[in-house]
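Chain residues, written in single-letter form:
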Amino acid sequence: NAGVMQNPRHLVRRRGQEARLRCSPMKGHSHVYWYRQLPEEGLKFMVYLQKENIIDESGMPKERFSAEFPKEGPSILRIQQVVRGDSAAYFCASSPGQGTLKEQFFGPGTRLTVL
Amino acid sequence: GESVGLHLPTLSVQEGDNSIINCAYSNSASDYFIWYKQESGKGPQFIIDIRSNMDKRQGQRVTVLLNKTVKHLSLQIAATQPGDSAVYFCAENIRGGKLIFGQGTELSVKP
């Protein structure tokens, strides 16, 4: 049973380019969460999605960042016109979406470096 | 001025000793708590969880204690091994939504 998959594992972009990060949740999971981690810090929540719906985007920067979780295919976190401050590890987690108390399983992360 | 990166608190223990990692959480409405282990270059790995209607839960070599009065969690690792070396994060959750992570503690196990 495959876990949460993220790709690419490492992504290098120049300032002003776009970054697309992909997340495939565990089989049977319909809820996806994105988190960002700066060096020596804990993970910070960005956005929570169900299929075709954004449930909570309170942690998303207002500009340049967007996320989607289409009916078919992986969840995508998109960062437009990247800046050096976007350099971080981005983690995706998924949960089954049943019940109110549920564990979130994390993927290996995508490490974004902005030159 | 420019902000300086924070250094994680570090706990150094001898192999075979017990470890206790502490965490203060922020929201009295949180109803679910998880401890995660994160090794360098990897994603967080689930260790143990506890619901707010409990004050103690045991797993294999690990125990989580919850004190809601002072909003405090602890993780106890028995007979700590070199493979336990990692950064440990507590996380709180309200009604199945986002996780709010603590700062993290780096555990270093000396052989």
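Our subject is the structure listed above.
Worth saying up front: this structure is predicted, and the values here are computed from it rather than measured. (Residues numbered from 1 in each chain as written. Chains lettered and ligands numbered in written order. Predicted model: local features only at pLDDT ≥ 70, side-chain atom pairs only at ≥ 80, totals over all residues. Heavy atoms only, no water.)

### Concerning the pairing of strand β4 (residues 31–37) of chain A
Residues and elements named next belong to chain A.
Here's step 1: Counting buried residues in β4 gives 6 out of 7 residues, a clear majority hidden from the surface.
Here's step 2: The pairing of β4 with strand β9 (residues 88–95) spans 7 bridges and is antiparallel. For Trp34, the partnering residue across the bridge sits in β9 and is Cys92. (Buried < 20%, exposed > 50% of the residue type's maximum accessible area, 1.4 Å probe, protein only. Helix = DSSP H or I, 4+ residues; strand = E, 2+ residues; numbered from the N terminus. Pairing = 2+ DSSP bridges.)

### Looking at the sheet that holds strand β6 (residues 62–67) of chain B
All names here are of chain B.
Here's step 1: With antiparallel pairing, the 4 strands of this open sheet are ordered in space as β2-β7-β6-β5. If you trace the sheet from one side to the other, it starts and ends with β2 (19–24) and β5 (56–58), each paired once. When the angles between neighbouring strand axes are averaged without regard to direction, this sheet yields 15°.
Here's step 2: As defined by bridge partners, β6 adjoins strand β7 (residues 72–77) across 6 bridges and the pair is classed as antiparallel. (Axes fitted to C-alpha atoms, helices over the stretch in contact; angles between N-to-C directions.)

### Remarks on the layout of surface pockets
Here's step 1: Considering only enclosed or pocket space, the largest pocket measures out at about 400 Å³ in volume.
Here's step 2: Gln37(A), Gln38(B), Ser40(B), Gly41(B) and Val87(B) are the residues nearest the centre of the largest pocket, which is lined by 20 residues in total.
Here's step 3: Looking at the lining of the largest pocket, the elements with two or more residues in it are β9 of chain A together with β8 (86–93) of chain B.
Here's step 4: Looking at the lining of the largest pocket residue by residue, the classes come out as 9 nonpolar, 5 polar and 6 charged.
Here's step 5: Reported here for the second largest pocket is a volume of approximately 220 Å³.
Here's step 6: Lys37(B), Gln45(B), Phe46(B), Ile47(B), Gln60(B), Arg61(B), Val62(B), Ile77(B), Asp84(B) and Tyr88(B) together form the lining of the second largest pocket.
Here's step 7: Element by element, the count of residues in the lining of the second largest pocket is highest for strand β4 (residues 45–51) of chain B, at 3 residues.
Here's step 8: Among the residues forming the lining of the second largest pocket, the class breakdown is 5 nonpolar, 2 polar and 3 charged. (1 Å grid on protein atoms, 1.4 Å probe; cavity = no way out; pocket = protein on both sides within 12 Å on 5 of 7 lines; lining within 4 Å. Points joined across faces, edges and corners; volume = space filled by probe spheres on them. Nonpolar A, V, L, I, M, F, W, Y, C, P; charged D, E, K, R; others polar.)

### Re the state of the cysteines
Residues and elements named next belong to chain A.
Here's step 1: Under the counting rule described, the total for this entry stands at 2 disulfides over all chains.
Here's step 2: There is a disulfide in this structure between Cys23 and Cys92, and the S-S distance comes to 1.7 Å. In this structure the cystine formed by Cys23 and Cys92 twists about its S-S bond by roughly -50°; its chirality is therefore left-handed. One end of the pair, Cys23, is in strand β3 (residues 19–24); the other, Cys92, is in strand β9, with 69 residues separating them in the sequence.
Here's step 3: Taking the relative accessible area as the measure of exposure, Cys23 reaches 0% and is therefore buried. (Disulfide = S-S within 2.5 Å.)

### Looking at the packing of aromatic side chains
In this description, an aromatic ring pair is defined by two values, namely the gap between the centres and the angle between the planes.
Here's step 1: In total, this model carries 9 aromatic pairs over all chains according to the counting rule given.
Here's step 2: Taken together, a centroid distance of 5.2 Å and an interplanar angle of 90° make the contact between Phe106(A) and Tyr36(B) edge-to-face. With Phe106(A) in strand β10 (residues 105–106) and Tyr36(B) in strand β3 (residues 32–38), this residue pair bridges two chains.
Here's step 3: Phe106(A) sits in the buried class, given a relative accessible area of 12%.
Here's step 4: With a relative accessible area of 0%, Tyr36(B) lands in the buried category. (Phe/Tyr/Trp six-rings, centres within 6.5 Å; stacked < 30°, edge-to-face > 60°.)

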